[in-house]
Amino acid sequence: MEELDGEPTVTLIPGMNSKKKQMCFDWGPGEMLVCETSFNKKVKSEMVPGCPFIHIIRKDVDVYSQIFRKLFNESHGIFVGLQRIEEELTGKSRKAQLVRVSKNYRSVIRACMEEMHQIAIAAKDPASGRQFSIQVSILSAMELIWNLCEILFIEVAPAGPLLLHLLDWVRLHVCEVDSLSADVLGSENPSKHESFWNLVTVLVLQGRLDEARQMLSKEADASPTSAGMCRILGDLMRTMPVLSPGNTQTLTELELKWQHWHEECERHLQDSTFASSPHLESLCKIMVGDEAALLEQKDLLSNWYHFLVTRLLYSHPTVKPIDLHFYAQSSLDLFLGGESSPEPLDNILMAAFEFDIHQVIKECSIALSNWWFVAHLTDLLDHCKLLQSHNLYFGSNMREFLLLEYASGLFAHHSLWQLGVDYFDYCPELGRVSLELHIERIPLTTEQKALKVLRICEQRQMTEQVRSICKILAMKAIRNNRLGSALSWSIRAKDAAFATLVSDRFLRDYSERGCFSDLDLIDNLGPAMMLSDRLTFLGKYREFHRLYGEKRFVDGASLLLSLMTSQIAPRSFWMTLLTDALPLLEQKQVIFSAEQTYELMRCLEDLTSGRPVHGEPDAQQLQDDDIETTKVEMLRLALARNLARAIIKEGSLKGSRG
């Protein structure tokens, strides 16, 4: 049964001095900070007088979100698959595979974002709706950054294709145009719709010129006076040179064609071809890359990086990767115009355009609410051989450091810790020792969970952890009086002292009840019986009972005597063993030989002569002593009679042989 997510419980610590406030301390490695605070004005609660309120603040709260849990689970499989990519893959096949992995990661982010969006829409509580909307924007920003990193660092697109990738990037992330298009085209008269020209402008800004031409044809049909201008602008859109993925033309050819087309657009502006239609003239100005005309469309562009890509499309379509950061910085400055400061997202994107991978990772680590993003992106970039030179001063590299942080956060959750194990496995420097430290602190709330942890430790030959877990489980079992389970765990832990303790409990239980529990376990101890003398005795004593049950009295008698004479039986159990010998002494045939009987007599005398002298006995003690005295007398009598019978039998056998 799957364990459900839930908020971590808040525990009150009574008896602390409530006059001293602002006490904080780390409680690791569960990624937890505990703060004492007096701020609890809203909730009235019946507390112990003078007990402060303890607020637990978790660093990785995202592990408790159902949607983020899906992100963690699905990306785990992609991560493990990436680690197993064969090193022999080189060149194009390796690059294609890494791009595919990157797209898989992005598809998981996008799926979670869409699911979170649906939850935000369906939320009945406005506060919850806002909270989910914030999460949607965070996931959207994550995918935006990842997509740009994919284009610049993983695809490593050259001049020409670079702009095509950036156009796809903008179209994917500035998607209001689709709903706008549906509104306009769904109306009775699209060209008269209030958002018609906004739609055409956005299509041009995104380089979707075929769709823009179709919209202009609707305007031409509805307004004969502007039909000619629409046709001319439509032809300019149709003839704009674009380097398509399957095109064989060189960049030089493209630049020449594009320059010729650009001059034609400028000529139409100089000739005032569109002077009578401000909308069409504005569109033509955008197409010649007029910065003032572009900045007039700030609201439709919505952000500086959209402005950057549109500006490149209509001014520098063959931009080289090395020149990107110049255009990016100037676009940011122009778009913000000194009215506002860059946001954290702006700084991250700018670092990417500057090809500063380490700054991207650093900024993301600060801005994002969990380690998932930076850990997986850094790992992927490391597989692209882009981070090899960047080692951290404490002996690990950046990839490993971030993976360790992410895995540690997963271990704070009651079920996601299982994913964390694989991340530790793929950290060659510090992964093993980190896993050992974290796995020891997993609360073993159920035996099923304990078995999972144990299996993980055994697969990795983590001997100390296996022993520790088995001892914990053995202790739990013995506290619940489950002796069989306690014994099996102590054997698995190879803990001789604990096996002795449990064996004693078995023997005490037998003394009180007259029978063994967990017979199957004791009957099948095998070589484990040798773990401790007491366990050996338990196994052999059970074997005596089995022989007795099978009426193999001679073998049983021999085993019983050897348990006493070899000193393997605890002295406190000798009387029980001698009492077990009574039925054998009373058998019709002689079971114990004269020599064996002498041995039994010596054991009985050792036991009775070594009995300690107590003070004034009470009634119960007197009663117990009477029972014990009766047993001893019965044993002495039975042994004497058996000795006589054995001597006669052995004498007659000698006589017959003589």
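Note that the structure is a prediction, hence the values are computed from the model and not measured.

A. Summary view of the overall build of the chain. Assigned secondary structure in the chain consists of 30 helices and 3 strands. Within the span of the chain, comprising 658 residues, buried residues form 45% of the whole. Counting contacts in the chain only where the partners sit at least 6 residues apart, residues at least 24 apart contribute 65% of the total. In the form shown here, the chain has an accessible surface area of approximately 34200 Å², with 53% of it arising from carbon and sulfur atoms.

B. Representation of a nonpolar patch on the surface in the model. Among the surface-exposed residues, Leu430, Val433 and Leu437 lie close enough to one another that they form a single nonpolar patch of about 230 Å² accessible area. Along the chain, Leu430 turns up in the loop between α19 (417-425) and α20 (431-439).

C. The pattern of salt bridges, seen in detail. A complete count under the given rule lists 16 salt bridges for this structure. In this structure, the salt-bridge partner of Glu143 is Arg110, at a minimum N-O distance of 2.4 Å. Pair noted here: Glu143 is in helix α3 (residues 126-155) and Arg110 is in helix α2 (residues 91-122), with a separation of 33 residues, a long-range link. A salt bridge links Asp168 to Arg171, with the nearest nitrogen and oxygen atoms 3.7 Å apart. Within this pair, Asp168 and its partner Arg171 are both found in helix α4 (residues 161-173), separated by 3 residues, close to a single helical turn. Note on Arg171: relative accessible area 27%, which makes it partly exposed. Three or more residues are tied together by salt bridges with common partners; here these are Lys103, Arg106, Arg110, Glu143 and Glu150.

D. Molecular detail of the side chain of Asn147. Inspection of the secondary structure puts Asn147 in helix α3. Residue classification places Asn147 among the buried positions, given a relative accessible area of 5%. Leaving out residues up to four positions away in the same chain, Asn147 has contacts with Arg106, Trp169, Leu172 and His173.

E. Examining the confidence of the model for the chain more closely. When pLDDT is averaged along the chain, the result is 79, and 78% of the positions lie at 70 or above. Across residues 1-6, confidence stays below pLDDT 50; counting only partners more than four residues off in sequence or on other chains, it has 13 contacts. Low pLDDT, under 50, characterises residues 613-622; the predicted model gives this stretch 1 contact beyond four residues in sequence or across chains.

F. A look at the side chain of Ser75. Within the secondary structure, Ser75 is located in helix α1 (residues 66-83). Relative accessible area serves as the criterion here: at 0%, Ser75 is assigned to the buried category. A polar atom in the side chain of Ser75 sits 2.7 Å from the backbone oxygen of Leu71. Non-local contacts of Ser75, meaning those with residues more than four positions away in its chain, are made with Tyr105, Val108, Trp372, His376 and Tyr423.

G. Region of the structure containing the packing of α19 against helix α21 (residues 447-459). Following both chains from N to C, one finds α19 and α21 inclined at 5°, their axes separated by 12 Å at the closest point. The angle between α19 and α21 falls in the class roughly parallel. Together, Trp417, Gln418 and Val421 of α19 and Lys449, Lys452, Val453 and Ile456 of α21 make up the contact between the two elements. In terms of residue class, the contact of α19 with α21 is built from 4 nonpolar, 1 polar and 2 charged.

H. Summary view of the packing of aromatic side chains. Applying the stated criterion to the full structure yields 19 aromatic pairs. Considering the side-chain rings of Trp146 and Phe373, the 5.6 Å spacing of their centres and the 80° angle between planes classify their relative orientation as edge-to-face. Of this pair, Trp146 sits in helix α3 while Phe373 sits in helix α17 (residues 372-383); the two residues are 227 residues apart in sequence, bridging distant segments of the chain. Side by side, Trp146 and Phe373 carry an identical accessibility label, which is buried.

I. Examining the packing of helix α5 (residues 176-185) against helix α6 (residues 196-205) more closely. One can describe the packing of α5 onto α6 by two numbers: an axis separation of 10 Å at closest approach and a directional angle of 140°. Judged on the interaxial angle alone, α6 and α5 are oblique. For the element pair α5 and α6, the recorded crossing hand is left-handed. For the pair α5 and α6, the contacting residues are Val177, Leu180, Ser181 and Val184 in the first and Phe196, Asn198, Leu199, Val202 and Leu203 in the second. Broken down by class, the residue content of the contact of α5 with α6 amounts to 7 nonpolar, 2 polar and no charged.

J. Quick peek at helix α23 (residues 483-492). Counting buried positions along α23 yields 8 of 10 residues, so the element is predominantly enclosed. Listed in full, the buried residues belonging to α23 are Leu483, Gly484, Ser485, Ala486, Leu487, Trp489, Ser490 and Ile491.

K. Region of the structure containing unusual backbone geometry. The phi torsion at Lys385 lies on the positive side, around 65°, for a residue other than glycine. Counting through the fold element by element, Lys385 comes out in the loop between α17 and α18 (398-410). One non-glycine residue, Gln461, lies in the positive phi region at around 50°. Looking at where Gln461 falls in the secondary structure, it is placed in the loop between α21 and α22 (463-479). Judged by relative accessible area, Gln461 falls into the exposed class, the value being 60%.

L. Inspection of α21 at higher detail. End to end, α21 covers 18 Å across 13 residues, agreeing with the expected 18 Å (1.5 Å per residue, within 8%). Residues of α21 that are buried in the fold lie against α19, α20, α22 and α23.

Reading the values: rules and limits
- Residues numbered from 1 in each chain as written.
- Predicted model: local features only at pLDDT ≥ 70, side-chain atom pairs only at ≥ 80, totals over all residues.
- Heavy atoms only, no water.
- Helix = DSSP H or I, 4+ residues; strand = E, 2+ residues; numbered from the N terminus.
- Buried < 20%, exposed > 50% of the residue type's maximum accessible area, 1.4 Å probe, protein only.
- Contact = heavy atoms within 4.5 Å.
- Areas by Shrake-Rupley, 256 points an atom, 1.4 Å probe, with all protein chains shown as cover.
- Patch = residues over 30% accessible without salt bridge, like charges linked within 9 Å, V, L, I, M, F, W, Y side chains within 5 Å.
- Salt bridge = Lys/Arg side-chain N within 4 Å of Asp/Glu carboxyl O.
- pLDDT = per-residue confidence, 0-100.
- Polar contact = N/O pair within 3.5 Å; in protein donor to acceptor, adjacent residues only side chain to side chain.
- Axes fitted to C-alpha atoms, helices over the stretch in contact; angles between N-to-C directions.
- Parallel < 35°, antiparallel > 145°, perpendicular 65-115°, else oblique.
- Nonpolar A, V, L, I, M, F, W, Y, C, P; charged D, E, K, R; others polar.
- Phe/Tyr/Trp six-rings, centres within 6.5 Å; stacked < 30°, edge-to-face > 60°.
- Left-handed = near helix turned anticlockwise from the far one by under 90°.
- Expected span 1.5 Å × (residues − 1).

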